[in-house]
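A closer look at the structure
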Amino acid sequence: VFYGYPHDVVGGGELEFVPQHQQIGEDQDELTLDNVETEAIEAVYNRLVFLNVTHWHRVAPFTQGQRMTFAVNLWNQRPRGLLTYQERLEQQKLQGVTDTS
C-alpha cells in the first residue's frame with residue numbers, strides 16, 4: 001500500500017490487519033475482523049506499507065474526511081470466494097439491493 005497523496009482523513013481509515021500469530025481460520029462460516037485483535041497503520045502521506053495480503057486486512061471505517069483509492073491486484077488465479085463484478089451485481093439483485101455504488 002502506497003499513500004502517494006495527502007489524505008483528507010481526520011477520523012478512522014487506518015489499515016487494519018490480523019497479526020500472523022492470530023490468523024482467522026478459513027473454515028468459518030462468517031469471516032469478520034470485528035471479533036479479533038488487529039494492528040493498525042495510519043495513512044500517512046508518502047508511506048509505503050508491505051503486507052502479506054493472505055492475512056486478513058481491511059480499512060477501518062471513516063468517521064470524518066474523505067479517502068481516495070487506486071487498487072491493483074495481480075493474481076495468477078482469482079482468490080477463492082472473490083466475486084467478479086458481474087457476479088456481485090447478480091448477487092445484489094437477488095438480495096434486492098439497488099444501490100451499486
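Note that the structure is predicted; figures quoted are calculated from it, not measured. (Residues numbered from 1 in each chain as written. Predicted model: local features only at pLDDT ≥ 70, side-chain atom pairs only at ≥ 80, totals over all residues. Heavy atoms only, no water.)

1. Considering the overall build of the protein
Along the backbone of the protein there are 1 helix and 7 strands. Taken from the N to the C terminus, the helices and strands of the protein come in the order β-β-β-β-β-β-β-α. Put simply, the protein has 101 residues, and 15% of those count as buried. A separation of at least 24 residues holds for 69% of the contacts in the protein among residues at least 6 apart in sequence. For the protein, the computed accessible surface area is about 8500 Å², with 49% contributed by carbon and sulfur atoms. (Helix = DSSP H or I, 4+ residues; strand = E, 2+ residues; numbered from the N terminus. Buried < 20%, exposed > 50% of the residue type's maximum accessible area, 1.4 Å probe, protein only. Contact = heavy atoms within 4.5 Å. Areas by Shrake-Rupley, 256 points an atom, 1.4 Å probe, with all protein chains shown as cover.)

2. Considerations on the confidence of the model for the protein
Close inspection of predicted coordinates is inappropriate for parts of the model with low pLDDT. Averaged over every residue, the pLDDT of the protein is 77; the share at 70 or more is 78%. At the level of individual helices and strands, the protein shows its lowest average pLDDT in strand β2 (residues 8–12), which scores 70, and its highest in strand β4 (residues 39–41), which scores 90. (pLDDT = per-residue confidence, 0-100.)

3. Details of the pattern of salt bridges
One pass over the structure, following the stated rule, counts 1 salt bridge. In this structure, Arg-58 engages Glu-16 in a salt bridge whose closest nitrogen and oxygen atoms are separated by 2.7 Å. You can see Arg-58 sitting in strand β6 (residues 57–59) and its partner Glu-16 sitting in strand β3 (residues 15–17), a full 42 residues away along the chain. (Salt bridge = Lys/Arg side-chain N within 4 Å of Asp/Glu carboxyl O.)

4. A word on unusual backbone geometry
A positive phi angle, near 70 degrees, is found at Asn-46, a position not held by glycine. Note on placement: Asn-46 falls in the loop between β4 and β5 (47–48).

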